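Chain and residue survey
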Amino acid sequence: MSGTVCRLIEAYRRELDLYDQVLALAKEAMDVVRDGRSLADLHAVNQKKKERLDEVAGIEVEIARDKETWRRGVRLDEPNAQLDALLAELSRRIEQILRVEEETDSWILRTSVQVS
């Protein structure tokens, strides 16, 4: 396995861990909203999510060159099931986060309309 692929696998594993944390925090935010807790509580959870997402962005900056190298040649010459599986899992995790976020937004809109 090339160094490029190894570095990408390691980076994407770190990202997956961070996205797992973001998913947990998104679910916590949903609980905050459903429980009618304060906006300060929601803001605190959202701040933690932002910190994790900032870490993901930092990883993406670190691996930009490796991603480009992989896209241009290594990927074609050296398919890697482990990397492909990891990318698929990252996509699933992001989709899960988006679903929870959409549900939270919907809950907020429903409850704000009821209050008005």
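Residues numbered from 1 in each chain as written. Predicted model: local features only at pLDDT ≥ 70, side-chain atom pairs only at ≥ 80, totals over all residues. Heavy atoms only, no water.

**Observations concerning the packing of helix 1 (residues 3-34) against helix 2 (residues 39-62)**
The N-to-C vectors of helix 1 and helix 2 enclose an angle of 165°; their axes lie 9 Å apart at closest approach. In terms of orientation, helix 1 lies roughly antiparallel with respect to helix 2. Judged by the sense of rotation from one axis to the other, the crossing of helix 1 with helix 2 is left-handed. Across the contact of helix 1 with helix 2, the residue classes tally to 15 nonpolar, two polar and 10 charged. (Axes fitted to C-alpha atoms, helices over the stretch in contact; angles between N-to-C directions. Helix = DSSP H or I, 4+ residues; strand = E, 2+ residues; numbered from the N terminus. Parallel < 35°, antiparallel > 145°, perpendicular 65-115°, else oblique. Left-handed = near helix turned anticlockwise from the far one by under 90°. Nonpolar A, V, L, I, M, F, W, Y, C, P; charged D, E, K, R; others polar.)

**Some thoughts on the confidence of the model for the protein**
Averaged over all residues, the pLDDT of the protein is 91; the fraction at 70 or higher stands at 91%. At the level of individual helices and strands, the protein shows its lowest average pLDDT in helix 3 (residues 64-77), which scores 77, and its highest in helix 2, which scores 97. (pLDDT = per-residue confidence, 0-100.)

**Some points on the side chain of Glu 15**
As for its position among the elements, Glu 15 is in helix 1. The residues touching Glu 15, leaving out its near neighbours within four places in the chain, are Val 56, Ile 59, Glu 60, Ile 63 and Leu 90. (Contact = heavy atoms within 4.5 Å.)

**Here we look at the side chain of Arg 93**
Position of Arg 93 among the secondary structure elements: in helix 4 (residues 81-115). Assessed through its relative accessible area of 11%, Arg 93 is described here as buried. A distance of 2.9 Å separates the side chain of Arg 93 from the side chain of Gln 96, its partner in a polar contact. (Buried < 20%, exposed > 50% of the residue type's maximum accessible area, 1.4 Å probe, protein only. Polar contact = N/O pair within 3.5 Å; in protein donor to acceptor, adjacent residues only side chain to side chain.)

**Section: the pattern of salt bridges**
Counted under the stated rule, the structure contains 12 salt bridges. Taking the shortest distance from any N to any O, the salt bridge between Glu 89 and Arg 92 comes out at 2.6 Å. Linking Glu 89 with Arg 92, this pair stays in helix 4, spanning three residues, or about one helical turn. A relative accessible area of 42% means that Arg 92 is categorised as partly exposed. With its nearest N and O atoms 2.8 Å apart, the salt bridge here joins Glu 89 to Arg 93. (Salt bridge = Lys/Arg side-chain N within 4 Å of Asp/Glu carboxyl O.)

**Brief notes about the nonpolar core**
Ranked by size, the top nonpolar core spans 20 residues in total, and within it Leu 8, Tyr 12, Ile 63 and Leu 83 carry the most contacts. Secondary structure elements with two or more residues in this core: helix 1, helix 2 and helix 4. Top contributing element to this core by residue count: helix 1, with 11 residues. Apart from residues lying up to four places away in sequence, Tyr 12 is in contact with Glu 60, Ile 63, Lys 67, Leu 83, Leu 86, Leu 87 and Leu 90. Counting six residues, the second-largest nonpolar core is a separate cluster that includes Leu 25, Val 32, Val 33 and Leu 42. (Core = buried A, V, L, I, M, F, W, Y, C linked by side-chain atoms within 4.5 Å.)

**Section: helix 2**
With 24 residues, helix 2 should cover 34 Å at 1.5 Å per step; its first-to-last C-alpha distance of 34 Å lies within 8% of that length. Within helix 2, burial applies to Leu 42, Val 45, Lys 49, Arg 52, Val 56 and Ile 59. (Expected span 1.5 Å × (residues − 1).)

**Section: the packing of aromatic side chains**
Overall, the coordinates contain zero aromatic pairs when judged by the stated rule. The lysine or arginine in question, Arg 34, covers the ring of Trp 107, its NZ or CZ lying 5.3 Å from the ring centre. (Phe/Tyr/Trp six-rings, centres within 6.5 Å; stacked < 30°, edge-to-face > 60°. Lys NZ or Arg CZ within 6 Å of the ring centre and 35° of its normal.)

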